Protein chains: 2
Amino acid sequence: MFPESINNLIAEFEKLPGIGHKTAVRLAFHILESNDTVAKQFATALIDAKSKIKFCEKCYNLSENNVCNICSNSKRDTSVICVVENVKDVVAMEKTHEFKGIYHVLHGNISPMNNISADDIKIKELIKRLADESVKEVIIATNPTIEGETTAMYIARLIKTIPEIKVTRIAHGIPVGGDLEYTDEITLIKAMENRRDM
Amino acid sequence: MFPESINNLIAEFEKLPGIGHKTAVRLAFHILESNDTVAKQFATALIDAKSKIKFCEKCYNLSENNVCNICSNSKRDTSVICVVENVKDVVAMEKTHEFKGIYHVLHGNISPMNNISADDIKIKELIKRLADESVKEVIIATNPTIEGETTAMYIARLIKTIPEIKVTRIAHGIPVGGDLEYTDEITLIKAMENRRDM
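Here the structure is a predicted model, which is why all the values come from computation and not from measurement. (Residues numbered from 1 in each chain as written. Chains lettered and ligands numbered in written order. Predicted model: local features only at pLDDT ≥ 70, side-chain atom pairs only at ≥ 80, totals over all residues. Heavy atoms only, no water.)

A.B. asks: What should I look at first to understand the sheet that holds strand 6 (residues 166–169) of chain B in this one?
C.D. replies: Pairing between the strands of a sheet is mediated by backbone hydrogen bonds and can be parallel or antiparallel. Residues and elements named next belong to chain B. A sheet is described by the order of its strands in space; here four strands give the open sequence 4-3-5-6, paired in parallel fashion. Bordering the open sheet on either side are strand 4 (102–105) and strand 6, each of which pairs with just one other strand. Neighbouring strand axes in the sheet, compared pairwise and without regard to direction, differ in orientation by 25 degrees on average. As paired elements, strand 5 (residues 137–140) and strand 6 share four bridges and run parallel to each other. When the bridges of strand 6 are listed, Ile 140 appears paired with Arg 169. In the packing of helix 6 (residues 146–160) onto the sheet, the strands contacted are strand 3 (80–84), strand 5 and strand 6, and the crossing angle to strand 6 comes to about 165 degrees. (Pairing = 2+ DSSP bridges. Helix = DSSP H or I, 4+ residues; strand = E, 2+ residues; numbered from the N terminus. Axes fitted to C-alpha atoms, helices over the stretch in contact; angles between N-to-C directions. Contact = heavy atoms within 4.5 Å.)

Below is the structure:
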């Protein structure tokens, strides 16, 4: 119905997750109705992000340099490594401004259902870091899902064979501001199990 | 929090209408996680659409050529012109596969509230076409909004001064499958006014 180059642009928008045909048409027309620099800046940003971004050699976080900003920051405590599933988890953790250690990004979880084994995610790389760097504690912060727990247990077992490295798991329980009444059973069980003296 | 080139890409996505920060982050990561061709194709489509698309010299529809596919189609009846507000209305009308005439896209409505006068939209161009081409009927299909009605009346008054050109307005009434109970008053009034013998 539209000229070919508009159809192409609509098709590209439609490839994005959660963008249906109508939204894609609306976005394409937004580009057409904006001035030339909008399309050019957008195109440049796409190419740039894809070409400049690589994985940090140490922690596999996204980075424009060989070593990411966090690993190369001399103020961070390199003796504590927080293990997370993906890059967005690093961002979530950094937003708290509380954690002063460094990270290790697994880029996934062990998931036999999806044919993802321990070798497909960055576990070997973590074990190698523990041998090379002087690490005191590994905090496993994978998500409290079946796959996340499996991965956490697998890594914990590997690390326990290395003397003098403590391995911990972030706590699961009722979220702050949450309500017992609306908390699911598994979370409640976790919250009871992990109760503390007060 | 992210490297600069990712922040740039997120910012570009955020500029799109209806895309908030969280969606922008999700879309940017989709691009980063896809292979290189995805970003390249997307960038090319953006630049292409913007550089290739121009307005049809005759009807001001979007086109890759000087004259659009509809105006240059010899099977179309050039004696009937349907006047619409914008390019998307052409597409909506074409989807019916019923209208065999040609179009004229106004690119807006007369709207004193938004400082848009008759000179800001393609009305002069329409009147010029009526002088140059042999047109028998002009169907005004602007939307049934205050601005659309104002524009329709303005154009109708201009055309009525030209002899031998009929000017009509598309019908407004209860949509097919609609329900009297849920139809707004203005539509009901229009539907009653436009009642037909049967």
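A.B. asks: Explain the pattern of salt bridges to me, please; I cannot follow it from the model alone.
C.D. replies: Side chains carrying opposite charge are able to pair once their charged atoms draw close together. Residue and element names in this part refer to chain A. Inspection of every chain in the model, using the stated rule, returns 14 salt bridges over all chains. Ionic pairing is found between Asp 48 and Lys 52, a salt bridge with its closest N-O pair at 3.4 Å. With Asp 48 and Lys 52 both in helix 3 (residues 36–52) and four residues apart, the pair spans about one turn of that helix. Measuring nitrogen to oxygen at the nearest pair gives 2.9 Å for the salt bridge that ties Lys 128 to Asp 132. With Lys 128 and Asp 132 both in helix 5 (residues 123–132) and four residues apart, this pair spans about one turn of that helix. (Salt bridge = Lys/Arg side-chain N within 4 Å of Asp/Glu carboxyl O.)

A.B. asks: I'm lost on the nonpolar core in this one. Help?
C.D. replies: The nonpolar side chains of a soluble globular protein tend to be buried, and buried together. Ranked by size, the top nonpolar core spans 115 residues in total, and within it Leu 9, Phe 13 and Phe 42 of chain A together with Leu 9, Phe 13 and Phe 42 of chain B carry the most contacts. Residues within four places of Phe 13 of chain A in sequence aside, it is in contact with Ile 19, Ala 24, Leu 27, Ala 28, Ile 31 and Phe 42 of chain A together with Leu 16 and Phe 42 of chain B. (Core = buried A, V, L, I, M, F, W, Y, C linked by side-chain atoms within 4.5 Å. Buried < 20%, exposed > 50% of the residue type's maximum accessible area, 1.4 Å probe, protein only.)

A.B. asks: Honestly, unusual backbone geometry in this entry has me stumped. Any pointers?
C.D. replies: Residue and element names in this part refer to chain B. Located in the positive-phi region is His 107, a residue other than glycine, with phi close to 60 degrees. As for its placement among the helices and strands, His 107 is situated in the loop between strand 4 and helix 5 (123–132). For His 107, a relative accessible area of 28% corresponds to the partly exposed category. Although it is not a glycine, Glu 164 sits at a positive phi angle of roughly 70 degrees. Its location among the elements puts Glu 164 in the loop between helix 6 and strand 6.

A.B. asks: Teacher, can you tell me more about helix 5 of chain B here?
C.D. replies: Residues spaced three or four apart along an α-helix face the same direction, because each turn holds 3.6 residues. Residues and elements named next belong to chain B. When we look at burial in helix 5, the residues that qualify are Ile 123, Glu 125, Leu 126, Arg 129 and Leu 130. An end-on view of helix 5 places all buried positions within 160 degrees of arc, on one side of the element. Pointing more than 90 degrees away from the buried face of helix 5 are the exposed residues Lys 128, Ala 131 and Asp 132. (Arc of directions from axis to C-beta.)

A.B. asks: Explain the domain arrangement of chain A here, please?
C.D. replies: One frequent convention defines the size of an interface as the accessible area lost when the parts assemble. We note that the domain assignment places domain 1 (4–52) and domain 2 (75–193) within chain A. A separation of 36 Å is found between the C-alpha centroids of domain 1 of chain A and domain 2 of chain A. (Domains from an automatic or database assignment.)

A.B. asks: Any chance you could explain the packing of aromatic side chains here in plain terms?
C.D. replies: When we look at a pair of aromatic rings, we describe it by the centre distance and by the angle of the planes. Per the counting criterion, the structure on display carries nine aromatic pairs over all chains. An aromatic cluster is built from Phe 13 and Phe 42 of chain A together with Phe 13 and Phe 42 of chain B, whose rings are joined through pairwise contacts. (Phe/Tyr/Trp six-rings, centres within 6.5 Å; stacked < 30°, edge-to-face > 60°.)

A.B. asks: Can you help me understand the side chain of Glu 94 of chain B in this one?
C.D. replies: The topology assignment puts Glu 94 of chain B in helix 4 (residues 87–95). A polar contact of 2.9 Å, which involves the side chain of Glu 94 of chain B, links it to the side chain of Arg 76 of chain B. Polar contacts involving the side chain of Glu 94 of chain B include one to the side chain of Tyr 103 of chain B, which spans 2.6 Å. Leaving out residues up to four positions away in the same chain, Glu 94 of chain B has contacts with Met 1 of chain A together with Ile 70, Arg 76, Phe 99 and Tyr 103 of chain B. (Polar contact = N/O pair within 3.5 Å; in protein donor to acceptor, adjacent residues only side chain to side chain.)

A.B. asks: I tried to follow the interface of chain A and chain B on my own but got confused; where do I start?
C.D. replies: If you look at the interface, chain A gives 47 residues, while chain B gives 47 residues. Between chain A and chain B the total buried area reaches about 4300 Å² when both faces are included, carbon and sulfur atoms providing 76% of it. Area buried by chain A at its contact with chain B is led by Met 1, Leu 46 and Lys 50 of chain A, which between them contribute 16% of it. Connecting chain A to chain B are zero salt bridges. Put simply, chain A and chain B have 14 residue pairs in polar contact (both at pLDDT 80 or more) between them. Contributions of two or more residues to the side of chain A that touches chain B are made by helix 1 (4–15), helix 2 (21–33), helix 3, strand 2 (62–63) and helix 4 (87–95) of chain A. Per-element tally for the side of chain A that touches chain B: the top contributor is helix 3 of chain A, with 14 residues. (Buried area = accessible area lost by both parts, 1.4 Å probe.)

A.B. asks: What is the right way to read the sheet that holds strand 3 (residues 80–84) of chain A from this model?
C.D. replies: All names here are of chain A. Taken in spatial order, the four strands line up as 4-3-5-6 in an open sheet, and their pairing is parallel. Whereas interior strands pair on both sides, the edge strands pair on one side only; in this sheet they are strand 4 (102–105) and strand 6 (166–169). Averaged over all adjacent pairs, the angle separating strand axes in this sheet is 25 degrees, with direction ignored. On the sheet, helix 4 packs against strand 3 and strand 4 and is oriented at approximately 155 degrees with respect to strand 4. Helix 6 (residues 146–160) contacts strand 3, strand 5 (137–140) and strand 6 of the sheet and is inclined by roughly 165 degrees relative to strand 6.

A.B. asks: Looking at this structure, how should I read the pairing of strand 4 of chain B?
C.D. replies: Put simply, side chains in a regular strand alternate between the two faces of the sheet. With burial as the criterion, each face of strand 4 of chain B is covered, one bearing Ile 102 and His 104 of chain B and the other bearing Tyr 103 and Val 105 of chain B. Note on the crossover from strand 3 of chain B through helix 4 of chain B to strand 4 of chain B: the handedness is right-handed. (Right-handed = clockwise from strand over helix to strand, strands pointing away.)

A.B. asks: Sorry if this is basic, but what is going on with the relation of the copies chain A and chain B here?
C.D. replies: Each copy of the chain is related to the other by a rotation around an axis and a translation along that axis. Turning chain A through 180 degrees and shifting it by 0.0 Å along the axis lays it on chain B, with an RMSD of 0.1 Å. Overall, the copies show the geometry of a two-fold rotation axis. Among all C-alpha atoms of chain A, that of Ala 43 of chain A lies closest to the rotation axis, at 2.1 Å. A share of 100% of interface residues in chain A that are also interface residues in chain B marks the association as one of identical surfaces. (Least-squares fit on C-alpha atoms with pLDDT ≥ 70 in both.)

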